[in-house]
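Read off the chains here:
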Amino acid sequence: MGNKHTLKSIRKALEPHVSSNSFDSQVLSALIDELSGRAPQGTADTLEQRLHARTGYTFPQSKEIGELFSSVKEGVEHVATLRADRTFNQ
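The residue numbers shown here count from 1 along each chain, following its written sequence. Reporting in this predicted model follows two pLDDT cut-offs: at least 70 for local features of residues, and 80 or more for side-chain atom pairs to be given and counted; totals over whole chains, interfaces and linings ignore these cut-offs and use all residues. To obtain the side-chain values, all non-hydrogen atoms of the structure were used and water was disregarded.

Student: Would you take a moment to explain the pattern of salt bridges for this structure?
Tutor: Opposite charge on two side chains allows them to pair when their charged atoms are near. Between Lys or Arg on one side and Asp or Glu on the other, a salt bridge is scored when a side-chain nitrogen of the former is within 4 Å of a carboxyl oxygen of the latter. Taken as a whole and judged by the stated rule, the model has 1 salt bridge. The partner of Asp-33 in a salt bridge is Arg-38, with the nearest N and O atoms 3.2 Å apart. When accessible area is computed with a 1.4 Å probe and restricted to protein chains, residues below 20% of their type maximum are described as buried, those above 50% as exposed, and intermediate ones as partly exposed. Judged by its relative accessible area of 61%, Arg-38 falls in the exposed class.

Written as structure tokens, this is what we have:
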């Protein structure tokens, strides 16, 4: 059994125990840390990219979180504005 096969087996065994809600929580926590100045800008994006590379995850998976973000007009631009707003981080 090669390393590649072993990794695939481990991932398959872990899939039922890994919740997309957990991934959403991790990305939201990273985003909050960015906005509060506790983490560098891009931390949430990097985390999402890593999760996507390993599992195919895209943010958000949770219907509720998706509705929250879609309720904010032009959500992506809104988050970018918040990240750039220096007064928000003070």
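What follows picks up the thread again.
Student: Could you clarify how one ought to interpret the nonpolar core in this entry?
Tutor: Burial of nonpolar side chains together is a common tendency in soluble globular proteins. In these notes, a set of buried Ala, Val, Leu, Ile, Met, Phe, Trp, Tyr and Cys residues joined through side-chain atoms within 4.5 Å is what counts as a nonpolar core. Of all hydrophobic cores here, the largest spans 9 residues; its members are Phe-23, Val-27, Ala-30, Leu-31, Leu-35, Ala-44, Leu-51, Tyr-57 and Val-79. Elements with a minimum of two residues in this core: helix H2 (20-36) and helix H3 (43-55). Looking at this core, the element that brings in the most residues is H2, giving 5 residues. Helix and strand assignments come from DSSP, with helices taken as H or I runs of at least 4 residues and strands as E runs of at least 2, each series counted from the N terminus.

Student: Would you mind going over the packing of aromatic side chains with me for this structure?
Tutor: By convention here, two paired aromatic rings are described through the distance between centres and the angle between planes. Aromatic contacts are taken between Phe, Tyr and Trp rings whose centres are within 6.5 Å, Trp giving its six-membered ring; a plane angle under 30 degrees counts as stacked, one over 60 as edge-to-face, and the others as tilted. All told, the structure shown has 1 aromatic pair when counted by the stated rule. Between Phe-23 and Tyr-57, the aromatic rings sit 5.4 Å apart at their centres with planes inclined by 75°, giving edge-to-face as the arrangement. With Phe-23 in helix H2 and Tyr-57 in the loop between H3 and helix H4 (63-71), this residue pair connects regions lying 34 residues apart in the sequence.

Such coordinate-based values are descriptive only and should not be taken to indicate function.
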